[in-house]
Amino acid sequence: MRILLTNIKQLCQVEDSLDRRSRVAGADMAHIPCIENAWLLVAKGLIHSYGSMDDMPEMHADETIDAGGRFVLPAWCDSHTHLVFAAPRDQEFVDRIKGLSYEEIARRGGGILNSARRLNETSEEELYEHSLRRLHEVMAQGTGAIEIKSGYGLNTEAELKMLRVIRKLKENAPVPVKASFLAAHAYPVDYKEDKQGYINLIIDEMLPKVAGEGLADYMDVFCEEGFFSVADTERLLEAGWKHGLKPKIHANQLHYSGGVQVGMKHRAVSVDHLECVGDAEIEALKHGDTMPTLLPAAAFFLGIQYQPARRIIDAGLPVCLATDYNPGSCPSGNVPLLLTIACTQLKMTPEEAINAVTLNGAAAMELHQQLGTIATGKKANLIVTRPIPSLAHIPYDFGNNPVEKVIFGGKWG
Ligand code: NIG
Ligand code: FE
């Protein structure tokens, strides 16, 4: 199947064929390389070729689409979600409006433990159906690659159940899916008084099974006061590495927890959340390739402080944005809305925000060689927008879906 798009108003995030980027950092984030009035040919699921309408060669296509007035971009790469969950948590939303904090709700047995109770009661089939529906919803908003975590099981059987649901999504979805093992998300009720016992269970029982079945790509830990300490995180990350799972951790969401530094020390692929980031964290981030990943839609929904994106970018570092789609702190996987929050609250420019959720999102899932930019040979996972006047219109027009059509693996989504 060969699809030819012509008269594209702007083809965005194009690569120079000789000098491909693996991420974009600092001042470079302000720039999205584009071709005005462009064509793009998709063949065999891949980006075949592209260029300016001024010198379009003769070519054969099964389908030719006039994309006049529309922008074409690489699909969003959402590198941090908890999309597999059993039930919403609307009551906690109301409790927070009335004054309870996220941490208080968690201490009372709500939050992650609430989701764990519901997940343990839900069958694998039902979980898969809910999750597939959510995945299709975010795909229609332009998400073309996604990472999904376990972490609402909190016992061996239910963690494996979640990871098998993610594997089934991987096998059946038309977009790449990465899986992270996050049993270290909260202490289950039975281990409230035996925290080391739960960590031993993760390391001695769960990890060998998860790795043995090849169910996860990454090892995740919620490194936070009241959850997993820096010392706990170190033990867990070391054990993950022994089983071939690289770290991708929840760091510095609620406190200056040391999560960034421990992530850097253990060569995490990304450290995520980062509401609490100061000079020491920024200095640490300069010494490695770990991707700083910001989740401002969760900060928005919880009403907590935002991540200091400007300071991170102005220090010359890359920034990745992800939704954190989950039933507690961010019941939305809507990337266009995430872009609006990043622009209005974190003061990222539209170009910076789009870089953060395309190339840098791909890098945070180690998918930058296949996705995240328009380059010959990359996977044809693409967004065709509605007719819009500018790239800035995507975050500007908030609450509306800028995506008219998507192409995944060279086929219309
Ligand atoms: O990334 N902070 C920890 N974990 C999730 C939220 C989990 C939940 O509340 O269900 C997050 O925000
Ligand atoms: Fe999260």
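## Focus on the coordination of the iron ion (ligand 2)
- Around the iron ion (ligand 2), the protein contributes the donor atoms His80 (NE2), His82 (NE2), His250 (NE2) and Asp324 (OD), which lie 2.1 to 2.2 Å from the metal centre.
- The sequence pattern describing where the donors of the iron ion (ligand 2) fall on their chain is H-x1-H-x167-H-x73-D. Highlighted residues: His82 in the loop between strand 6 (76-78) and helix 1 (90-97) and Asp324 in the loop between strand 13 (320-321) and helix 12 (335-345), separated in sequence by 242 residues.
- By relative accessible area, which is 2% here, Asp324 ends up buried.

## Things to note about the packing of helix 6 (residues 195-212) against helix 7 (residues 230-242)
- Running from amino to carboxyl end, helix 6 crosses helix 7 at an angle of 5 degrees, the nearest separation of the two axes being 11 Å. As the angle between them shows, helix 6 and helix 7 are arranged roughly parallel. Here Gln196, Ile199, Asn200, Ile202, Ile203 and Leu207 of helix 6 come into contact with helix 7, specifically with Asp232, Arg235, Leu236, Ala239 and Gly240.
- Class assignment for the residues of the contact of helix 6 with helix 7 results in six nonpolar, three polar and two charged.

## So, the site of ligand 1
- Close contacts around ligand 1 come from 15 residues, with Tyr102, Tyr152, Gln253, Asp324 and Ser329 the closest.
- Contact distances for ligand 1 include 3.4 Å between an oxygen atom and a side-chain N or O atom of His82.
- A distance of 2.8 Å separates a nitrogen atom of ligand 1 from a polar side-chain atom of Gln253.
- The protein chains hide 100% of the 330 Å² of surface that ligand 1 would expose on its own.

Cut-off values and rules
Residues numbered from 1 in each chain as written. Chains lettered and ligands numbered in written order. Predicted model: local features only at pLDDT ≥ 70, side-chain atom pairs only at ≥ 80, totals over all residues. Heavy atoms only, no water. Donors = N, O, S within 2.8 Å, 3.2 Å for Na, K, Ca; no water. Helix = DSSP H or I, 4+ residues; strand = E, 2+ residues; numbered from the N terminus. Buried < 20%, exposed > 50% of the residue type's maximum accessible area, 1.4 Å probe, protein only. Axes fitted to C-alpha atoms, helices over the stretch in contact; angles between N-to-C directions. Parallel < 35°, antiparallel > 145°, perpendicular 65-115°, else oblique. Contact = heavy atoms within 4.5 Å. Nonpolar A, V, L, I, M, F, W, Y, C, P; charged D, E, K, R; others polar. Near = heavy atom within 4 Å. Polar contact = N/O pair within 3.5 Å; in protein donor to acceptor, adjacent residues only side chain to side chain. Areas by Shrake-Rupley, 256 points an atom, 1.4 Å probe, with all protein chains shown as cover.

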